[in-house]
Amino acid sequence: MTVPLRIGFIPLVDAAALIVAVDKGFAAAEGLEVELVREVSWSNVRDKLNIGLFDAAHLLAPVAIASSLGLGHVKVPIAAAFNLGINGNAITVSPALHAALMEEIDGDRFDPMATAKALAKVVAKRRKAGAEPLTFGMTFPFSTHNYQLRFWMAAAGVDPDEDVRLVVLPPPYMVDSLKNGHVDAFCVGAPWNSVAVDLGIGHILHFVADILVRAAEKVLAIRQTWADKNPDVVAALVRAAVKAAEFIEHPENRTEAAQILAQPERIGVDAEVIQRTLTGRLKISPDGTFRESGRYLLVGREGAGRPDPVQAAWLYAQMVRWGQTALTPDGVKTAMAVFRPDLYDAALGNRAPPEAPAAFGAFAGPAFDPADIRGHLEAFGVGRWKA
């Protein structure tokens, strides 16, 4: 007997474990008959998961937390049983903004503090000249992209709510928005940064791994009530995702994985672009400059698939810092409870535990301690948080 499931996803490379689990037969081997439904916007994915049109979803990690807290929409507790991706985002800027930043930069162009300080100078010059504020695209108010952009800018004193404009755009629309001049830059997941570079309309300024060492990006999200009623199905789905992630992370399989993801009904871009993402070697400028990072996107290696409640606490801290919610003991507890390593461990049974993850860290600011979020936030000069 097979269990039918409908699972929503956005065309991004960090949906890879989910897509490969279905298209390579790992889900079927676990007794699951999965229909993958491609969506354009995160609000669609969230709403269809919340009301039961989806049994599970590829979801922004902060959206799972916001849904559980009832922020920005109805309150629907979510369980994140598997991390679909660690890192994987990048900040891409227009040729004009790239030139302006390089003109002002003092230091290493790959140092986020150097580029943030250059941005502050560009912002000040534009204000003095009476120019419109720079516009940055991000994928959702409750998104890692939003928090990563803000974290980077604010480190050099740029106020993301006063000095620039942040606008919400679905990931597949980012490239056209940059091409049409609607935005000056964007932060989005792969492959859309690479697509902009290949079209000659953007430069990848930073891998988000430059800004945060290890950031939970997307999760396999399930309604808590559904997870409680269907523990065996949840376990089967996690096992299928783990096997798919292991397949993807083997270098000899990456060509095949990229071809699977490139299909029109999946991500729908050239397989070679996707393969760059999986190998962590990306073209960052239209002139053909490449850059490589072993931390660009972690799909399964280094224990990336196992949910880490400390990551959830950091994301909750960003919601507090930028005025999306108040800091409360119950809020911290609820946020951390969204990430479910217990469900991951139960699904894998007696398998050896994953490698210990790298320490959580950022390019600027104090070390993060989930037991002292207040102290962490008090160390920052820019924010919307009120003690």
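This is a predicted model, so every value here is computed, not measured.

Quick look at the overall build of the protein
Part 1 of the reasoning: If you tally the helices and strands in the protein, you get 17 helices and 13 strands.
Part 2 of the reasoning: The C-alpha atoms of the protein give 20 Å as radius of gyration, which agrees with the globular expectation for 387 residues (21 Å, within 12%).
Part 3 of the reasoning: In terms of overall dimensions, the protein has C-alpha extents of about 70 × 45 × 35 Å along its principal axes.
Part 4 of the reasoning: Across the 387 residues in the protein, those meeting the buried criterion constitute 59%.
Part 5 of the reasoning: Here the contacts in the protein between residues at least 6 apart in sequence split such that 76% fall between residues at least 24 apart.
Part 6 of the reasoning: Per element, the accessible surface of the protein, about 14,800 Å² overall, is 51% carbon and sulfur.

A look at the sheet that holds strand 13 (residues 297-298)
Two pairing modes exist for strands in a sheet, parallel and antiparallel, and in both the strands are linked by backbone hydrogen bonds.
Part 1 of the reasoning: A sheet is described by the order of its strands in space; here six strands give the open sequence 2-1-3-10-4-13, paired in mixed fashion. Each end of this open sheet is capped by a strand with a single partner; those strands are strand 2 (32-38) and strand 13.
Part 2 of the reasoning: Here two bridges tie strand 4 (residues 78-87) to strand 13, and the two strands are oriented antiparallel to one another. Its bridge partner being in strand 13, Asn-87 is matched across the sheet by Leu-297.
Part 3 of the reasoning: The sheet strands contacting helix 7 (residues 144-154) are strand 3 (56-60) and strand 10 (216-223), and the helix crosses strand 10 at an angle near 150°.
Part 4 of the reasoning: Its contacts with the sheet place helix 11 (residues 231-249) against strand 1 (3-9), strand 2, strand 3, strand 4, strand 10 and strand 13, and it is angled at close to 5° to strand 4.

Thoughts on the nonpolar core
Part 1 of the reasoning: Counting residues in each nonpolar core, the largest one holds 150 residues, and the members touching the most others are Phe-136, Trp-152 and Phe-339.
Part 2 of the reasoning: In terms of residues, this core owes the most to one element, helix 11, which gives 13 residues.
Part 3 of the reasoning: In this structure, Trp-152 is in contact with Ile-91, Pro-112, Thr-115, Ala-116, Leu-119, Phe-136, Leu-205, His-206, Ile-211 and Phe-363, ignoring residues within four places of it in sequence.

Points about the packing of aromatic side chains
Part 1 of the reasoning: Using the criterion set out here, one finds seven aromatic pairs in the structure.
Part 2 of the reasoning: On the numbers, 6.5 Å between centres and 65° between planes, the contact of Phe-136 with Trp-152 is edge-to-face. Taken as a pair, Phe-136 in strand 6 (residues 135-138) and Trp-152 in helix 7 lie far apart in primary sequence, 16 residues in all.
Part 3 of the reasoning: Judged by its relative accessible area of 0%, Phe-136 falls in the buried class.
Part 4 of the reasoning: A centroid spacing of 6.0 Å and a plane angle of 70° characterise the contact between Phe-151 and Phe-363, whose relative ring orientation is edge-to-face. With Phe-151 in helix 7 and Phe-363 in the loop between helix 16 (341-348) and helix 17 (373-378), this pair connects stretches of sequence that are 212 residues apart.
Part 5 of the reasoning: Here Phe-363 falls in the partly exposed class, since its relative accessible area comes to 22%.

Structural notes on the environment of Glu-162
Part 1 of the reasoning: Position of Glu-162 among the secondary structure elements: in the loop between helix 7 and strand 7 (165-168).
Part 2 of the reasoning: A sequence separation of 29 residues divides Glu-162 from Pro-133, and the C-alpha atoms of the two residues are 9.0 Å apart.

Points about the pattern of salt bridges
Part 1 of the reasoning: Throughout the structure, instances matching the rule amount to 24 salt bridges.
Part 2 of the reasoning: Of the charged contacts, one joins Glu-39 and Lys-48 as a salt bridge, the two residues approaching to 2.6 Å between their closest N and O atoms.
Part 3 of the reasoning: Across the pair Asp-198 and Lys-283 runs a salt bridge whose closest N-O atoms are separated by 3.3 Å. Highlighted residues: Asp-198 in helix 9 (residues 192-198) and Lys-283 in strand 11 (residues 281-283), separated in sequence by 85 residues.

Here we look at the packing of helix 12 (residues 254-262) against helix 13 (residues 271-279)
Part 1 of the reasoning: Between helix 12 and helix 13, the shortest axis-to-axis distance is 8 Å and the interhelical angle comes to 125°. In terms of orientation, helix 12 lies oblique with respect to helix 13. In this structure, helix 12 crosses over helix 13, and the sense of that crossing is right-handed. On helix 13, the residues that touch Arg-254, Thr-255, Ala-257, Ala-258, Gln-259, Leu-261 and Ala-262 of helix 12 are Ala-271, Ile-274, Gln-275, Leu-278 and Thr-279.

What about the pairing of strand 1?
Part 1 of the reasoning: Bridge count for strand 1 against strand 2 is seven bridges, and the pairing is parallel. Bridge assignment links Phe-9 to a residue of strand 2, and that residue is Arg-38.
Part 2 of the reasoning: The pairing of strand 1 with strand 3 spans two bridges and is parallel. If you follow Gly-8 over to strand 3, its bridge partner there is Ala-57.

Re helix 13
Part 1 of the reasoning: Among all positions of helix 13, only Val-273, Ile-274, Arg-276, Thr-277 and Leu-278 are buried.
Part 2 of the reasoning: The opening residue of helix 13 is Asp-270, an N-cap whose side-chain oxygen sits 2.9 Å from the backbone nitrogen of Glu-272.
Part 3 of the reasoning: Gly-280 sits one or two residues past helix 13 and shows a positive phi near 75°.

Side note on the pairing of strand 7
Part 1 of the reasoning: By the bridge criterion, four bridges tie strand 6 to strand 7 in an arrangement that is parallel. Paired with Gly-137 across the two strands is Val-167, which belongs to strand 7.
Part 2 of the reasoning: Remark: the strand 6/helix 7/strand 7 crossover connection has right-handed handedness.

Criteria and thresholds
Residues numbered from 1 in each chain as written. Predicted model: local features only at pLDDT ≥ 70, side-chain atom pairs only at ≥ 80, totals over all residues. Heavy atoms only, no water. Helix = DSSP H or I, 4+ residues; strand = E, 2+ residues; numbered from the N terminus. Rg over C-alpha atoms; globule rule 2.2 N^0.38 Å. Buried < 20%, exposed > 50% of the residue type's maximum accessible area, 1.4 Å probe, protein only. Contact = heavy atoms within 4.5 Å. Areas by Shrake-Rupley, 256 points an atom, 1.4 Å probe, with all protein chains shown as cover. Pairing = 2+ DSSP bridges. Axes fitted to C-alpha atoms, helices over the stretch in contact; angles between N-to-C directions. Core = buried A, V, L, I, M, F, W, Y, C linked by side-chain atoms within 4.5 Å. Phe/Tyr/Trp six-rings, centres within 6.5 Å; stacked < 30°, edge-to-face > 60°. Salt bridge = Lys/Arg side-chain N within 4 Å of Asp/Glu carboxyl O. Parallel < 35°, antiparallel > 145°, perpendicular 65-115°, else oblique. Left-handed = near helix turned anticlockwise from the far one by under 90°. Polar contact = N/O pair within 3.5 Å; in protein donor to acceptor, adjacent residues only side chain to side chain. Right-handed = clockwise from strand over helix to strand, strands pointing away.

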